[in-house]
Amino acid sequence: MTGAVTHDPPPAASGRQGRPLIVTEDTQLLDDLLRLCAAAGATPEVRHSFPPGRGSWESAPLVLVGDDAARRVRGATRRRGVVLVGRDQDDSGVWRRAVEIGADHVLVLPDGEQWLVDRIADVAEGVGRPALTVGVIGGRGGAGASTLACALAVTSAREGLRTLLVDADPLGGGLDVLLGGETAQGLRWPAFAASRGRVGGGALEESLPELHALRVLSWDRGDRVAVPPQAVRAVLAAARRRGGTVVVDLPRRVDDGVAEVLAQLDVGLLVVPAELRAVAAAGRVASAVGMVLKDVRVAVRGPYAPGLDDREVARLLGLPLVGEVPVEPVLLRPDGGRTPPGAAARGPLARFCKEFWERALTEVGSG
């Protein structure tokens, strides 16, 4: 059982990283808390009495107070990130004691073990603001969604942001190929098919190929064309905990795995060629995606059919307009096939992507 006493975010939300503090004299409870810390990859500071040591109470990113120690810490400085941990499911007085010490949460073992492991692991990773996560999907086949997704990721990395590009389309041929890194060392999606529960964000990042200053999670050229939805959920959640930006190239179908991705997106970009048939197809895609993702916007590609422009396409779809996706001339040259989209910093596509990130990051910062 877990329960919230207050709604303040924990200190880890500001990116503070350090050792969790355990305050208890209950040896059995201490053994359990040490086991959970080990499972989360954290080495705690342990104190059997209060005060726990100079500065420890104030500086620890997370404080786990055994119910046996609640009375002793009543006079401690009020702070966020305090969890009162007990064992008695039927003890209603635990809530009163939690309020007395200013705890954010009450946790009763063993029911709350997974929640606590996740919380401790957040501290160990120094979790701050989650990554701004953007999905790109084509309104029809060949709309250029993969090109835009790569360009967004390349531009984000060039701006100095921690960036992960995720290929969620197993039939797309691999974004690592589009970036010219199909032989780069690192794991691809099939390696994560067995992932369950929590995936370490740092371990995930270090295991992936690094191309053009960003990390890429792509498909390989093997036979596997799907991973279980729970694995998709765990991997993307780990990627988001690292902060920065995550860009996901989405397929046009919405299956269980894609629904897991959509549930973690901040915004979706629907790439629509400016032709009536593409607009009609995009309407069906938008309807399916919109059942899970509420913030879907339109990026329009020319050339324009008679009577259409970018605003008219957005109006027909009933979605906000991001703008017109420009053509990158270098990508049209015979020798441009190995040039990553958005690699030309002064090119029109890179400028479009930079402006998008500036607006999107401003929206997040003011939210």
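All of the points below concern the structure found in this document. This one's a predicted model, so the numbers in the text were calculated from it and none came from an experiment. (Residues numbered from 1 in each chain as written. Predicted model: local features only at pLDDT ≥ 70, side-chain atom pairs only at ≥ 80, totals over all residues. Heavy atoms only, no water.)

## Quick notes on the sheet that holds strand β10 (residues 214-217)
Part 1 of the reasoning: Ordered by their spatial adjacency, 8 strands build an open sheet running β9-β10-β8-β11-β7-β12-β13-β14, and the pairing between neighbours is mixed. Sheet topology places β9 (210-211) and β14 (321-325) at the edges, where each strand pairs with a single neighbour.
Part 2 of the reasoning: In the sheet, strand β8 (residues 163-167) pairs with strand β11 (residues 245-250) via 5 bridges, with the strands oriented parallel. Bridging across to β11, V166 finds its partner in V248.
Part 3 of the reasoning: Contacts from helix α5 (residues 145-158) reach β7 (132-138), β8, β10, β11, β12 (267-273), β13 (296-301) and β14, with the element oriented near 170 degrees to β11. (Pairing = 2+ DSSP bridges. Helix = DSSP H or I, 4+ residues; strand = E, 2+ residues; numbered from the N terminus. Contact = heavy atoms within 4.5 Å. Axes fitted to C-alpha atoms, helices over the stretch in contact; angles between N-to-C directions.)

## Some words on empty space enclosed by the protein
Part 1 of the reasoning: Going through the model one piece at a time under the given rule, you end up with 1 cavity of 30 Å³ or more.
Part 2 of the reasoning: There is about 90 Å³ of room inside the largest cavity.
Part 3 of the reasoning: Looking at the largest cavity, it is lined by 13 residues, and the ones nearest its centre are R162, L164, E205, A239 and R242.
Part 4 of the reasoning: Considering only residue class, the lining of the largest cavity consists of 5 nonpolar, 4 polar and 4 charged. (1 Å grid on protein atoms, 1.4 Å probe; cavity = no way out; pocket = protein on both sides within 12 Å on 5 of 7 lines; lining within 4 Å. Points joined across faces, edges and corners; volume = space filled by probe spheres on them. Nonpolar A, V, L, I, M, F, W, Y, C, P; charged D, E, K, R; others polar.)

## Regarding the packing of aromatic side chains
Part 1 of the reasoning: Taken as a whole and assessed by the stated rule, the structure comprises 2 aromatic pairs.
Part 2 of the reasoning: Between the aromatic rings of F356 and W357, the centroid separation amounts to 5.4 Å while the plane-to-plane angle is 65 degrees, which identifies the pairing as edge-to-face. Both residues of the pair, F356 and W357, belong to the buried class. (Phe/Tyr/Trp six-rings, centres within 6.5 Å; stacked < 30°, edge-to-face > 60°. Buried < 20%, exposed > 50% of the residue type's maximum accessible area, 1.4 Å probe, protein only.)

## Focus: the side chain of D176
Part 1 of the reasoning: Relative to the elements of secondary structure, D176 occurs in helix α6 (residues 175-178).
Part 2 of the reasoning: Since its relative accessible area comes to 1%, D176 is described here as buried.
Part 3 of the reasoning: Among the polar contacts listed, one links the side chain of D176 to the side chain of S218, at a separation of 3.2 Å.
Part 4 of the reasoning: At 3.0 Å, the side chain of D176 forms a polar contact with the side chain of R221.
Part 5 of the reasoning: When sequence neighbours within four positions are dropped, the list of residues in contact with D176 reads G181, E182, R188, L211, V216, S218, W219 and R221. (Polar contact = N/O pair within 3.5 Å; in protein donor to acceptor, adjacent residues only side chain to side chain.)

## Comments concerning the pattern of salt bridges
Pairing between side chains of opposite charge can happen when the charged atoms of each approach one another.
Part 1 of the reasoning: Per the stated rule, a full pass over the model turns up 22 salt bridges.
Part 2 of the reasoning: A salt bridge links R188 to D176; the shortest N-O distance between them is 3.0 Å. One end of the pair, R188, is in the loop between α6 and α7 (201-207); the other, D176, is in helix α6, and 12 residues separate them in sequence. Of the two residues, R188 and D176, both sit in the buried class.
Part 3 of the reasoning: Residues E205 and R242 are paired through a salt bridge, measuring 2.8 Å at the closest nitrogen-oxygen approach. Within this pair, whereas E205 is found in helix α7, its partner R242 is found in the loop between α8 (229-241) and β11, the two being separated by 37 residues in sequence.
Part 4 of the reasoning: For E205, a relative accessible area of 19% corresponds to the buried category.
Part 5 of the reasoning: Its relative accessible area of 24% is what places R242 among the partly exposed residues.
Part 6 of the reasoning: Connected through shared salt-bridge partners, D32, R35, R87 and E113 make up one network. (Salt bridge = Lys/Arg side-chain N within 4 Å of Asp/Glu carboxyl O.)

## Some details on the packing of helix α1 (residues 27-40) against helix α4 (residues 113-125)
Part 1 of the reasoning: Contact geometry for α1 and α4: axes closest at 8 Å, N-to-C directions at 55 degrees. The angle between α1 and α4 falls in the class oblique. Considering only the axes of α1 and α4, their crossing is right-handed. Note on element contacts: α4 touches α1 through E113, L116, V117, I120, A121 and A124, opposite L33, R35, L36, C37, A39 and A40.
Part 2 of the reasoning: Of the residues in the contact of α1 with α4, the class split is 10 nonpolar, no polar and 2 charged. (Parallel < 35°, antiparallel > 145°, perpendicular 65-115°, else oblique. Left-handed = near helix turned anticlockwise from the far one by under 90°.)

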